[in-house]
Amino acid sequence: MKLTLWTYEGPPHVGAMRVATAMKGVHLVLHAPQGDTYADLLFTMIERRDHRPPVTFTTFQASDLGADTATLFKNAARDAHARFKPQALIVGASCTAELIQDDPGGLAKAIGLDCPVIALDLPSYSRKETFGADETFHALVRALAVPMARTEAITCNLLGATALGFRHRDDVTEITRLLAQMGVTVNVCAPLGATPDDLKRLGQAHFNVLLYPETGESAARLLEKTCGQPFTKVVPIGVGATRDFLAEVAAITGLSAQVDETGLRQPWWSASVDSTYLTGKRVFLFGDATHVIAAARVAAREIGFTVVGMGCYNREQARALRSAAALYGVTPLITDDYLEVEAAIAAATPELILGTQMERHIGKRLGIPCAVISAPVHVQDFPARYSPQMGWEGANVLFDTWVHPLVMGLEEHLLTMFREDFEFHDAAGASHHGHKATARVETPEPVKLPEVTTKGTIRWLPDAERELKKIPFFVRNTARRNTESYAVARGVEAISIDTLYEAKAHYAR
Amino acid sequence: MSLDAPSLGCTDTPVLKERGQREVFCGLTGIIWLHRKMQDAFFLVVGSRTCAHLLQSAAGVMIFAEPRFGTAILEEKDLAGLADANVELDREVARLLARRPDIRQLFLVGSCPSEVIKLDLARAAERLNGQHAPHVRVYNYSGSGIETTFTQGEDACLAAMVPTLPASDAAELLVVGALPDVVEDQCQSLLTAMGITSVRFLPARRASDLPAIGANTRFILTQPFLADTAEALERRGARRIAAPFPFGEEGTTLWLQAVADVYGVTPATFDAATAAPRARAAKAVAAHAATLRGKSLFMFPDSQMEIPLARFLARECGMTPLEIGTPYLHRGLMGPDLALLPHGPALIEGQDVDAQLDRHAGLAPDLTVCGLGLANPLEAKGHSTKWAIELVFTPVHFYEQAGDLAGLFSRPLRRKALLKGDAA
């Protein structure tokens, strides 16, 4: 038993729903109690889908448990098949139905439907949403894809995009365009937009592009084995990764990796002088491993931030994340406990968080700006505009999205110079953010200052404490922490203005 | 009973019971508003990742503070041995209470998995009371989907509290149902203006404010879904005041009138207390009724508030209900509202969502009240919808909210008109 306040992932059957909802022509029958239908709103509200997810829930109640839940399931499957006429039917159980052990797979096969029936094994008490999506897609591919002759033209499949994915819709468009420039056509994109009949012709592509290892890797590995299709390992998020990805495709296909880069603006935006203020900004990354690993590379190599912490909530990809963390010399954080993430962020005192919806809340609480880079997502993370993460336009989007929460270049200098001005003080916030600027309440010089402030055995002398307050808010916590570490290391017990500036010189970057 | 059927509204309308897929929340959802109402309470769901995910998703956005609810997620090893599950539960509760010394009431909330594996939370609550009383009072109830639908979770929660309330012979009025604090205060001042001053509320904002009850307690419900709580109170000797539910100007007036009749409030006092807010409410409703009048209405089952709301929309806003679905129709509690609801609509108890969607498509109502899972798909087909969950998450009771309540229904219609460019 583990106490959970907020979760990064839903149960595995929600992953199955992400695959079914992404596709066309499939229907999922879930053996589940009344109430589990809440998951429909994830798709209709967060993603603004204009159709109900293709999912029938048996919604059994207590009175059914004493009677015959197996018959209830069979009726639901038969009715769903008759009403929706799917090309393939997927069946599974949610957490409660797993306990009553009705065997949806066996029951659905017993009623003899005239379409393929794919039974899912979703262990709700040990696995989670991402596993459920990966497993569902894998089961569909295993049931439907067969080896076949390759297409004449060079084609590939795009694997892993699902419903409720972070910018999957736009990534698919962007990567399809990029590949077209190389001369590669997309045979099937799946699960997003595919039908079961499409899955049957996966085998005719020359290779697979694995967009999201979280939700597509099992299927990619299976197709490598059964259909002899190699798959790409680089996830094309960021300029460097996109170039590596193109090189990888070139190596597989023998085509040239040279493509038009006209729309790519991120490298110049990053090199232009206004961006010098981004140098060495401390950034903490958390999310699914794929997005975090890719974002860390962009942050460190393409924008010039310093990675001070990174982690992921999905243990399945922990190994990849650990090796990436080693590149930046930080301790990897593998956890799905958001309190642990909050503690790690507080300890790292970053100037920017790149995280999920959960980290946005952590950032609010700690007063640290945050940009979202990964699922789980909020309705705001499904923008109306084209906003991919992958490819050239994705690189542009990353630059804009990550820089936006920060105080801008020249403004940062002005705040530093004029921070004593009562209207232009630091708590007024960045000028391009929507909230109301508030004039600072001027308090008269206190008659008697408290003699000292103590923190552990370290004391801040009043002058030093006042000086600390003059430091702009976005670096103040770091300054406080650095000064205290500096003082501890040197056995200084009372921090003076001199200690503060000695520490500043010591940590100068 | 009068033989004059039309004057009895829907009292004798047959209720069609449907069985099939239900597109409703489970009772755990009530925690979203109950934990805000009871400021020293923590709701610990003993369940699965699904339960935790539901609470997070139903809240829509995450609440910007550490929530006073959480889920003790059952893992494989808990399923293997129930003895261990109890040990684990005690450990998690001890850790939680150590971290949150401000918590005075702890609700162990049963879920579908905990019910199916027969984890005895009543005994667990007893055991934990032994460990943590008197500082913390531990209750238990079930919010599972196999036992409860959406708002029934609040009923189960309040019903679980009733047996532990202290006994009293005081002649007090108990107002039952979780109301936003501002609405509770309005209710109190209306009753005070009528000269009724011994008023208590269930649930109370804090454990120390919990009411005492007994044979001299008269109680009145503010929410139509509190059948078990009403029964539990009656078992303690308290007597219920029957009334329509206080939605809209008319509903609020009849609700207050029912109280006034029991307490012998004179017509002059009643009018003095209610005339001004009644006029305000009628005026506020009228502004929205202009948009709603003559429009047809279809309600998917959701909160059990459907019958009283349909009564409000039909009588005060001039709408024509075509079909009213409700998860459960409790005739005992709903009698006064059913009698007022104009004859005409089909009444459906339970749900078969696919069959209902077919009927809905055939009727093509002007306004559809439904859950979040159906709203956008129906909008995409050209229907105007109102999310039912807002009716539970928004202050809608009594006079001062009557206009807001009507506004919840008129806004989708006004919005559609605006976007068409022919704003009325």
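Rules and cut-offs
- All residue numbers refer to position in the chain's written sequence, counted from 1.
- Here every chain gets a letter starting at A, and every ligand a number starting at 1, in the order they are written.
- The model is predicted, so local features are restricted to residues of pLDDT at least 70 and side-chain atom pairs to those at 80 or more, both for listing and for counting; the totals for chains, interfaces and linings are taken over all residues.
- Side-chain figures throughout are based on the complete set of non-hydrogen atoms in the structure, without hydrogens or water.
- Put simply, buried Ala, Val, Leu, Ile, Met, Phe, Trp, Tyr and Cys residues joined by side-chain atoms within 4.5 Å make one nonpolar core.
- Burial here depends on accessible area, computed with a 1.4 Å probe over protein chains only, as a share of the maximum for the residue type. Under 20% is buried, over 50% is exposed, and the range in between is partly exposed.
- Numbering goes from the N terminus for both helices and strands, where a helix is a DSSP run of H or I of at least four residues and a strand is a run of E of at least two.
- The quantity called pLDDT is the predictor's confidence in a given residue, expressed from 0 to 100.
- When checking whether two residues touch, look at their non-hydrogen atoms; a contact exists if any pair is within 4.5 Å.
- Between the rings of Phe, Tyr and Trp (Trp by its six-membered ring), a pair exists once the centres lie within 6.5 Å; its type follows the angle of the planes, with under 30 degrees stacked, over 60 edge-to-face, and the other angles tilted.
- By the criterion adopted, a ring carries a charge over it if an Arg CZ or a Lys NZ lies within 6 Å of its centre and within 35 degrees of its normal.
- Buried area: the accessible surface (1.4 Å probe) lost by two parts on joining, summed over both.
- The salt bridge criterion pairs a side-chain nitrogen of Lys or Arg with a carboxyl oxygen of Asp or Glu, the two atoms within 4 Å.
- Identification of polar contacts relies on pairs of N or O atoms within 3.5 Å, with a donor-acceptor requirement for protein atoms, meaning one able to donate a hydrogen and the other able to accept it, and with residues adjacent in sequence counted only if both atoms are side-chain atoms.
- Under this grouping Gly is polar, as are all residues other than the nonpolar Ala, Val, Leu, Ile, Met, Phe, Trp, Tyr, Cys and Pro and the charged Asp, Glu, Lys and Arg.
- In this scheme, strands are said to pair when DSSP sees at least two bridges between them.
- Lines are fitted to the C-alpha atoms to define the axes, a helix being fitted only along its stretch in contact, and any angle between axes, read from their N-to-C directions, falls within 0 to 180 degrees.
- Orientation labels follow simple angle bins: below 35 degrees gives roughly parallel, above 145 gives roughly antiparallel, 65 to 115 gives roughly perpendicular, and whatever is left gives oblique.
- The sense of a crossing depends on the near helix, which, turned anticlockwise from the far helix by less than a right angle, makes the crossing left-handed and, turned clockwise, makes it right-handed.
- Grid points spaced at 1 Å over the protein atoms alone were grouped into cavities, where a 1.4 Å probe fits but cannot get out, and pockets, open sets with protein on both sides within 12 Å along at least five of seven lines, with lining residues defined by an atom within 4 Å of a point.
- Grid points are joined across faces, edges and corners, and a volume is the space filled by probe spheres set on the points.
- The arc in question is formed by the directions pointing from the helix axis toward the C-beta atoms.
- Orient the strands so they point away from the viewer; a crossover is then right-handed if the path from the first strand over the helix to the second runs clockwise.
- Domains are outlined according to an automatic or database domain assignment.

**Some thoughts on the nonpolar core**
Consideration 1: Ranked by size, the top nonpolar core spans 260 residues in total, and within it A:L285, A:M310, A:W402, B:F43, B:F107, B:L108 and B:Y141 carry the most contacts.
Consideration 2: Per-element accounting of this core gives the leading share, eight residues, to helix α13 (residues 289-303) of chain A.
Consideration 3: By size, the runner-up hydrophobic cluster in this structure holds 14 residues, among which are A:A70, A:A77, A:V91 and A:L107.

**A short note on the confidence of the model for chain B**
Residue and element names in this part refer to chain B.
Consideration 1: A residue-level look at chain B finds 96% of positions with pLDDT of 70 or above and a mean pLDDT of 93.
Consideration 2: Predicted confidence is poor over residues 1-6, with pLDDT under 50, and the contacts of this stretch with residues over four places away or in other chains come to five contacts.
Consideration 3: Two numbers describe this predicted complex: its pTM, 0.91, and its ipTM, 0.93.

**Re the packing of aromatic side chains**
Consideration 1: Considering all chains together, one arrives at eleven aromatic pairs over all chains under this definition.
Consideration 2: Taking 5.8 Å as the distance between ring centres and 80° as the angle between the ring planes, the aromatic pair formed by A:W6 and B:F69 counts as edge-to-face. Taken together, the residues A:W6 in the loop between β1 (2-4) and α1 (12-22) and B:F69 in strand β3 (residues 69-73) connect one chain to another. Taken as a pair, A:W6 and B:F69 share a single burial class, namely buried.
Consideration 3: Taken together, the ring pairs connect B:F25, B:W33, B:F150 and B:F393 into an aromatic cluster.
Consideration 4: Above the face of the A:F231 ring, A:K233 is positioned so that its terminal group lies 4.1 Å from the ring centre.

**With respect to the side chain of A:T58**
Consideration 1: Looking at the element boundaries, A:T58 is found in the loop between β3 (55-57) and α3 (62-66).
Consideration 2: Dropping the residues within four chain positions of it, A:T58 is found in contact with A:L30, A:H31, A:A32, A:L72, A:F73 and A:A76.

**What to know about the side chain of B:S57**
Consideration 1: Its place among the elements puts B:S57 in helix α2 (residues 49-58).
Consideration 2: B:S57 sits in the buried class, given a relative accessible area of 12%.
Consideration 3: Excluding its chain neighbours within four sequence positions, the residues that come into contact with B:S57 are A:Y38, A:L41 and A:L42.

**Examining the interface of chain B and chain A**
Consideration 1: In this complex, chain B contributes 65 residues to the contact, which on the side of chain A involves 57 residues.
Consideration 2: Taken together, the two surfaces of chain B and chain A that pack against each other cover about 5,300 Å², and 60% of this comes from carbon and sulfur.
Consideration 3: Along the contact surface separating chain B from chain A lie six salt bridges.
Consideration 4: Ionic pairing is found between B:R19 and A:D64, a salt bridge with its closest N-O pair at 3.3 Å.
Consideration 5: Linking chain B to chain A there are 23 residue pairs in polar contact (both at pLDDT 80 or more).
Consideration 6: Where the side of chain B that touches chain A is concerned, the elements lending two or more residues are β2 (41-47), α2, β3, α3 (76-80), α4 (82-99), α5 (112-116), α14 (353-363) and α15 (372-380) of chain B.
Consideration 7: Classifying every residue of the side of chain B that touches chain A gives 35 nonpolar, 14 polar and 16 charged.
Consideration 8: Pairing of β1(A) with β3(B), which is carried by three bridges, proceeds in the antiparallel orientation. Paired with A:K2 across the two strands is B:I73, which belongs to β3(B).

**Some details on the pattern of salt bridges**
Consideration 1: Counting across every chain of the model gives 43 salt bridges over all chains.
Consideration 2: With its nearest N and O atoms 2.7 Å apart, the salt bridge here joins A:K128 to A:D336. Placement of the pair is A:K128 in the loop between β5 (117-119) and α7 (129-144) and A:D336 in the loop between β11 (332-334) and α15 (338-348), with a sequence separation of 208 residues. Each member of the pair A:K128 and A:D336 is classed as buried.
Consideration 3: Linked through salt bridges whose partners overlap, the residues forming this network are A:R52, A:R83, B:E23, B:D354 and B:D358.

**A few points about the confidence of the model for chain A**
Consideration 1: Of the residues in chain A, 90% reach a pLDDT of 70 or more, and the chain-wide mean stands at 90.
Consideration 2: Note on residues 443-453 of chain A: pLDDT under 50 across the span, and twelve contacts to partners over four residues away in sequence or across chains.

**Brief notes about the packing of helix α12 (residues 306-315) of chain B against helix α13 (residues 331-340) of chain B**
Think of two packed helices as two axes; the pair is described by the angle between the axes and how far apart they sit.
Residue and element names in this part refer to chain B.
Consideration 1: At a closest axis distance of 9 Å, the pairing of α12 and α13 adopts a crossing angle of 20°. In terms of orientation, α12 lies roughly parallel with respect to α13. Both α12 and α13 take part in a crossing whose hand is left-handed. Taken together, the residues of α13 that come into contact with α12 (itself represented by I307, P308, R311 and R315) are M334, D337, L338 and L340.
Consideration 2: Looking at the contact of α12 with α13 residue by residue, the class counts come to five nonpolar, no polar and three charged.

**A few points about empty space enclosed by the protein**
Consideration 1: The full count for this structure, using the stated rule, is six cavities of 30 Å³ or more.
Consideration 2: Taken together, 17 residues line the largest cavity, and the ones lying closest to its centre are A:D36, B:C26, B:T50, B:C51 and B:C112.
Consideration 3: At the level of elements, α5 (95-100) of chain A together with α2 and α5 of chain B are the ones that each hand at least two residues to the lining of the largest cavity.
Consideration 4: Looking at the lining of the largest cavity, its residues break down into nine nonpolar, seven polar and one charged.
Consideration 5: Reported here for the second largest cavity is a volume of approximately 90 Å³.
Consideration 6: Lining of the second largest cavity is provided by A:T37, A:Y38, A:L41, B:E23, B:V24, B:F25, B:D302, B:G371, B:L372 and B:G373.
Consideration 7: When the residues that make up the lining of the second largest cavity are grouped by side-chain class, the tally is five nonpolar, three polar and two charged.

**Details of α14(B)**
Consideration 1: Those residues of α14(B) that sit buried are B:V353, B:D354, B:Q356, B:L357 and B:H360. End-on view of α14(B): buried residues confined to an arc of 160°, all on one side of the axis.
Consideration 2: Summarising the contacts, the buried residues of α14(B) are in contact with α4 (69-84) of chain A together with β10 (296-299), β11 (320-326), β13 (367-370) and α15 of chain B.
Consideration 3: Remark: B:A364 follows α14(B) within two positions and exhibits a positive phi of approximately 45°.

**Quick look at the environment of A:T262**
Residues and elements named next belong to chain A.
Consideration 1: Note that T262 resides in the loop between α11 (239-253) and α12 (266-271).
Consideration 2: Along the chain, T262 and W392 lie 130 residues apart, while their C-alpha atoms are 9.0 Å from each other.
Consideration 3: Here the side chain of T262 touches D260 through a polar contact of 2.3 Å, side chain to side chain.

**Some words on the pairing of strand β8 (residues 218-221) of chain B**
Residues and elements named next belong to chain B.
Consideration 1: Side chains R218 and I220 project from β8 onto one buried face, and the interleaved F219 and L221 project onto a second face that is buried too.
Consideration 2: Bridge count for strand β6 (residues 173-176) against β8 is four bridges, and the pairing is parallel. When the bridges of β8 are listed, V175 appears paired with I220.
Consideration 3: Between the parallel pair β8 and strand β9 (residues 239-240), the chain is carried across by helix α9 (residues 227-235), and the sense of this crossover is right-handed.

**Here's the deal with the domain arrangement of chain A**
Residue and element names in this part refer to chain A.
Consideration 1: The domain boundaries assigned to chain A delineate domain 1 (12-141), domain 2 (145-253), domain 3 (266-413) and domain 4 (453-508).
Consideration 2: Averaged C-alpha coordinates put domain 1 and domain 2 at centres separated by 27 Å.
Consideration 3: Between domain 1 and domain 2, the contact holds 22 residues from the first and 27 residues from the second.
Consideration 4: Of the roughly 2,000 Å² buried where domain 1 meets domain 2, counting both sides, 67% is carbon and sulfur surface.
Consideration 5: For domain 1, the biggest contributors to the area lost against domain 2 are R18, F137 and V141; these three give 33% of the whole.
Consideration 6: At the boundary of domain 1 with domain 2, the tally comes to zero salt bridges.
Consideration 7: At the level of secondary structure, the elements contributing two or more residues to the side of domain 1 that touches domain 2 comprise α1, α2 (40-46) and α7.
Consideration 8: Here the element with the most residues in the side of domain 1 that touches domain 2 is α7; it accounts for seven residues.
Consideration 9: In terms of residue class, the side of domain 1 that touches domain 2 is built from twelve nonpolar, five polar and five charged.

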